[in-house]
Structure formats: C-alpha cells, structure tokens
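Chain and residue survey
Each chain, letter by letter, is given below.
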Amino acid sequence: MINSGAKQNPYYYNKDKVKVKEIEFKAVSPAQAAAVIKNGDVDYIRALSPNIWENVKDANNGSILGQTDLYVSYVGFKLGKFDKEKGKVLTNSNAKLADIKVRQAFGYAVDWDQINEKLFKGLRYTPTGSGFFPPRIELAENPNGTKYKKDVEKAKKLLDEAGFKDKDNDGIREDKNGNKVSFNFAVRNTGSDLDQALADNFIKSWKEVGLDVKLVDGKLLSAKDWSTRVQADDSEIDIFQGAWGFFNNPNPNYIAGETSKLNLPRYIDDKLVKDLEQIDSIDSFGDAKIKEAFNKFDEDFSEASPWLPLSWNTDIVWVNKRIKNLDLKKYNTFDQQFYELELTADKGVKN
C-alpha cells in the first residue's frame, strides 16, 4: 500500500469543527482490498468492484453503502476522425459502420442484462436511452428511455436490410458490396479478471448473428495503448469499449460535441448539433426546459447509436464501524468533509 497523510491546520478559522485531527490516505490494490477491509486497516473505501463486494458483503466490522454512480460504460463505433486543423469532429459517411442499422444490430445481438447481472453481480445495470444520464442525475433522467434487449432475429433482419448477408454460407456475413468484412474491437485491460470474459461475451454474441469481430492485435490493450490509439483514431480500430464519469455536470457537450476531442466515436449530425445548442441556450433556463432539452438529446443520440450503452454503476462504499456521522449524500455534494466525522475507537474494528 502507498500512504500519504494530512494533519489538522492549527490556524484553521473553524478548527472547532475538526473532529479528526489526522487523516491517512492509502492506495490499495484490488487484490488487497478485502483483506485490508476485514483487518480494520481502512475506515472508508469507495468504488468497490463486484469481486471485492462479494468478498466483504458478509463482514461484520462495518457497513456497505450504495448509490447510483455518475458513470456509464459503452461500446463505441469509430465513425470518423478529429480534424486538428479545423478543431472539430468529421464524421465519415463511408465508415465501415456508417449504417445505423448495422450499429443497432450489434446492440440487439447482445444480452446486456445478463452481462450486468452475472458478470457484474447485479451491481451494474443496463442503461436506458443514450446512457448519458444515470438516475442520479434526476434533472436529466428520461422516463421514456428504452434499453437494448437481446433479439437475435431483429439483429439479423437489420443486417439483411443493410445488405450484410452471408453469401457463401460460411456463417459470416459479407458487406453490402459482397466483400468479406471483419471488425477490430479495442478493449482495455483494466486489471480485472472480467475484462477478457466481457470481450469474449461480446465477440461470441456478435458471431451468433454472423458478425466477425476480433480483438485489436489479438489481445486486450494496455490502458496507455488503448487511450493513445482510440484518441488518435487508429485505422485498425472499428469498435471500442469505453467509459465516462459525469461528475455533477450532465452537459453532454463535453463528450458528444462537435469540437470535443473526447467525442471518441467521432460522430455528429445536424440533429445532435441542434440538441446540444439547445441545452446551452438561455431558452433552456429552468428545470422543466432543461429537462426537455436533455431528453430530446437523449432520444436523438440513442436513435443514431454512435455508441451502445453497456452499464450504469452502483457506487459501493465500505465504512468501518468506528466511523460516526457519515452522510454519503452530503459528502458527495461537499456539504460534509472527512474532518467533520467522528471516530468511536482508536483503531479500526476488525472482522
């Protein structure tokens, strides 16, 4: 573990509010987390993975708290490039995955609910609509949003309509021009044992409807390699698995706007431009108006399908028994600080 610390400032103007005089921060690897929690070595740890949660859910030396997270993971399609000179996204109408029907077929080929329920042990769940607005962003939540459900026949029908057909009866579809077509999938190695299982699940599901998908370079990519190549619009990447955290600002311009380098699918169209302008417009001032603008963007982005939303997350937090007065909601809105908490014992309670 890597440690660092902070001590009370004796000159702080409001020092009477400081209940905890010293805080030690520890960097804990996922492999160590369960043991550290059970041994009482940490008082507070957040963003527990499904595997860590599985190993500590029955521990009796603390509590597990949960809330919807400001996070979405997705499967994105490379549909253009970012032009550095013009400073904007240029969508390519001739991209390998330019046809909306093909992108939607990728969505209907996958059992998203099963992935979230089994691989992620139900701590993640399938998003609705575009996936941009997790339920925690109440102002932007779309009550009419729908989610992808596995429908193999619908996926096959969409591919047929797009001209992607298996013309030589080898189980793999050719493109609309009758040429062999394969898609390269960039998946990041996050260090989780779920990374390969997730990639395999996608590839198997897509093959079931006749889509030939292979991992880029035949393997999971390091975080650095993934980031460098996806952001550089590497021509070897057709599909990529990505994720984003929204913090407290749900404005999608940051990752879907025409001038955003973080618009990794490199997709923009006239509808989305108009929707994003409306979100930033003074005409959308007020809760009802901005909600309407968010919902319109959500529906249009979902229909265009430049990405397929994979998961919304549950933020799982462990709190040792000796902590008193923690209010997670206040902590998330910065209305409560660590130093305002109280400790009921000199050392963390052990399991």
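Under an unreviewed UniProt entry, the protein has the name Solute-binding protein family 5 domain-containing protein and belongs to Gemella bergeri ATCC 700627.

This part is about the overall build of the protein. Scanning the protein from N- to C-terminus turns up 11 helices and 13 strands. Each principal axis of the C-alpha distribution contributes one length, and for the protein these read about 75 × 50 × 40 Å. Total accessible area computed for the protein in this model is approximately 18600 Å², and 48% of it derives from carbon and sulfur atoms. Each charge class in the protein can be summarised by its mean position, and for the 53 positive and 55 negative side chains these summaries are 3 Å apart.

Two strands pair when backbone bridges link them, and strand β4 (residues 62-77) and strand β11 (residues 307-320) are joined in this way by 12 bridges, in the antiparallel orientation. Each bridged residue has a counterpart across the sheet, and for Tyr74 the counterpart in β11 is Pro309. Note that β4 and strand β10 (residues 239-245) share seven bridges and pair antiparallel. Across the sheet, residue Val72 finds its bridge partner in β10, namely Trp244.

A separate point is the pattern of salt bridges. Opposite charge on two side chains allows them to pair when their charged atoms are near. Per the counting criterion, the structure on display carries 22 salt bridges. Note that Glu161 and Lys101 form a salt bridge whose closest N and O atoms lie 3.3 Å from each other. Here Lys101 lies in helix α3 (residues 100-108) and Glu161 lies in helix α5 (residues 152-161), a separation of 60 residues in the sequence. Residue Glu161 is classed as partly exposed on the basis of its relative accessible area, which comes to 40%. Assessed through its relative accessible area of 33%, Lys101 is described here as partly exposed. Ionic pairing is found between Asp225 and Arg229, a salt bridge with its closest N-O pair at 3.6 Å. In this pair, Asp225 and Arg229 are both assigned in helix α7 (residues 223-231), four residues apart and thus about one turn of the helix distant. Relative accessible area serves as the criterion here: at 14%, Arg229 is assigned to the buried category.

This part is about the packing of aromatic side chains. Counted under the stated rule, the structure contains 21 aromatic pairs. Taken together, a centroid distance of 5.9 Å and an interplanar angle of 85 degrees make the contact between Tyr74 and Phe240 edge-to-face. Taken together, the residues Tyr74 in strand β4 and Phe240 in strand β10 connect sequence positions 166 residues apart. Taken individually, Tyr74 and Phe240 each receive the classification buried, so the pair is uniform in this respect. On the basis of an interplanar angle of 45 degrees and a centroid distance of 6.1 Å, the ring pair of Phe132 and Phe133 is categorised as tilted. Overall, Phe133 belongs to the buried group, its relative accessible area being 3%. Linked through ring pairs, Tyr74, Phe132, Phe133, Trp226, Phe240, Phe294, Phe297, Phe301 and Trp307 together constitute an aromatic cluster.

Formed by 72 residues in total, the largest nonpolar core has its most connected members in Phe106, Phe185, Phe202 and Trp206. Grouped together as the second largest cluster of nonpolar side chains are 14 residues, Ile37, Ile52, Ala59 and Ile316 included.

With that out of the way, let us pick up unusual backbone geometry. Phi angles above zero are rare outside glycine, and Asp233 is one such case at about 60 degrees. Secondary-structure assignment places Asp233 in the loop between α7 and β10. Judged by its relative accessible area of 18%, Asp233 is buried. Backbone geometry at Ser305 places phi at a positive 55 degrees, although glycine is not the residue there. One can find Ser305 in the loop between α10 (287-304) and β11. Of the residues examined, Ser305 reaches a relative accessible area of 0% and is grouped as buried.

Often the size quoted for an interface is simply the accessible area lost on bringing the parts together. Each domain of the protein was delimited in the assignment, giving domain 1 (3-61 + 321-343) and domain 2 (69-313). With centres defined by C-alpha atoms, the gap from domain 1 to domain 2 works out at 35 Å. Counting from both sides, the interface comprises six residues of domain 1 and, opposite them, six residues of domain 2. When domain 1 packs against domain 2, the two sides together hide about 580 Å² of surface, and 60% of this comes from carbon and sulfur. When the buried area of domain 1 at its contact with domain 2 is split by residue, Pro50, Asn51 and Trp53 rank highest and sum to 70% of it. Here domain 1 and domain 2 share zero salt bridges between them. Where domain 1 touches domain 2, the interface holds zero residue pairs in polar contact (both at pLDDT 80 or more). Counting residues per element, the side of domain 1 that touches domain 2 draws most heavily on helix α2 (residues 50-56), which supplies four residues. Class assignment for the residues of the side of domain 1 that touches domain 2 results in three nonpolar, two polar and one charged.

Cut-offs and rules
- Residues numbered from 1 in each chain as written.
- Predicted model: local features only at pLDDT ≥ 70, side-chain atom pairs only at ≥ 80, totals over all residues.
- Heavy atoms only, no water.
- Helix = DSSP H or I, 4+ residues; strand = E, 2+ residues; numbered from the N terminus.
- Areas by Shrake-Rupley, 256 points an atom, 1.4 Å probe, with all protein chains shown as cover.
- Lys, Arg positive; Asp, Glu negative; His and termini not counted.
- Charge placed at Lys NZ, Arg CZ, Asp CG, Glu CD.
- Pairing = 2+ DSSP bridges.
- Salt bridge = Lys/Arg side-chain N within 4 Å of Asp/Glu carboxyl O.
- Buried < 20%, exposed > 50% of the residue type's maximum accessible area, 1.4 Å probe, protein only.
- Phe/Tyr/Trp six-rings, centres within 6.5 Å; stacked < 30°, edge-to-face > 60°.
- Core = buried A, V, L, I, M, F, W, Y, C linked by side-chain atoms within 4.5 Å.
- Domains from an automatic or database assignment.
- Contact = heavy atoms within 4.5 Å.
- Buried area = accessible area lost by both parts, 1.4 Å probe.
- Polar contact = N/O pair within 3.5 Å; in protein donor to acceptor, adjacent residues only side chain to side chain.
- Nonpolar A, V, L, I, M, F, W, Y, C, P; charged D, E, K, R; others polar.

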